[in-house]
Amino acid sequence: MGDFQIIHKITLPKNQDADAFATFMRDEYFPAVHKGPTRIGQVTGLELSRGISETGEDTQAFIFNVGFSGMSTGNARLDDKEVQHKFDAFEAHVERLGAFSAVAAWNESDP
């Protein structure tokens, strides 16, 4: 058990509004995620990143990172069925890529 990221790739069909999806995730989905402890761990953070094509255009693909403390089989779960129905209406294909822990990092403030 430990702290790590559970990473999902989310792909929307071309007929779905990806900007509306991003807004929905930020304003409705994230607040509805259960953030208290469960039998297998606890969500410690949420982040959604949108894909950018080689030409600089936004894509229909997203990476959803769930910070988690607990067992690597954990995942984010929703406390609101209405929010789940709204998510399902986007017809998103969700692929769990797995659980990952950081082993090296760098940012521009490092020497």
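Residues numbered from 1 in each chain as written. Predicted model: local features only at pLDDT ≥ 70, side-chain atom pairs only at ≥ 80, totals over all residues. Heavy atoms only, no water.

K.L.:
I'm lost on the overall build of the chain in this one. Help?
P.N.:
Broken down by element type, the chain carries two helices and four strands. In the chain, the succession of helices and strands from N to C terminus is β-α-β-β-α-β. By its C-alpha atoms, the chain is 40 × 40 × 20 Å across when sized along the principal axes. Split into buried and exposed, the 111 residues of the chain put 30% on the buried side. Summarising the internal contacts of the chain: among those between residues at least 6 apart in sequence, 73% fall at separations of at least 24. Of note, the chain has its 10 positive side-chain charges centred 8 Å away from the centre of its 17 negative side-chain charges. (Helix = DSSP H or I, 4+ residues; strand = E, 2+ residues; numbered from the N terminus. Buried < 20%, exposed > 50% of the residue type's maximum accessible area, 1.4 Å probe, protein only. Contact = heavy atoms within 4.5 Å. Lys, Arg positive; Asp, Glu negative; His and termini not counted. Charge placed at Lys NZ, Arg CZ, Asp CG, Glu CD.)

K.L.:
I tried to follow the sheet that holds strand 3 (residues 58-70) on my own but got confused; where do I start?
P.N.:
Strand pairs in the sheet, formed through backbone hydrogen bonds, run parallel or antiparallel to each other. Read from one edge to the other, the open sheet built from four strands follows the order 2-3-1-4, with strand pairing classed as antiparallel. The open sheet has two free edges, formed respectively by strand 2 (41-52) and strand 4 (93-100), since each of these has just one partner strand. Neighbour-to-neighbour, the strand axes of this sheet turn through a mean angle of 20°, independent of strand direction. (Pairing = 2+ DSSP bridges. Axes fitted to C-alpha atoms, helices over the stretch in contact; angles between N-to-C directions.)

K.L.:
How do you make sense of the pattern of salt bridges when you look at a structure like this?
P.N.:
Note that side chains of opposite charge can pair when their charged atoms are close. As enumerated under the stated definition, the model contains four salt bridges in all. Note that Asp-19 is salt-bridged to Arg-50, the shortest N-O span being 2.6 Å. Here Arg-50 lies in strand 2 and Asp-19 lies in helix 1 (residues 18-32), a separation of 31 residues in the sequence. Judged by its relative accessible area of 25%, Arg-50 is partly exposed. Here Glu-28 makes a salt bridge to Lys-86, at a shortest N to O gap of 2.8 Å. (Salt bridge = Lys/Arg side-chain N within 4 Å of Asp/Glu carboxyl O.)

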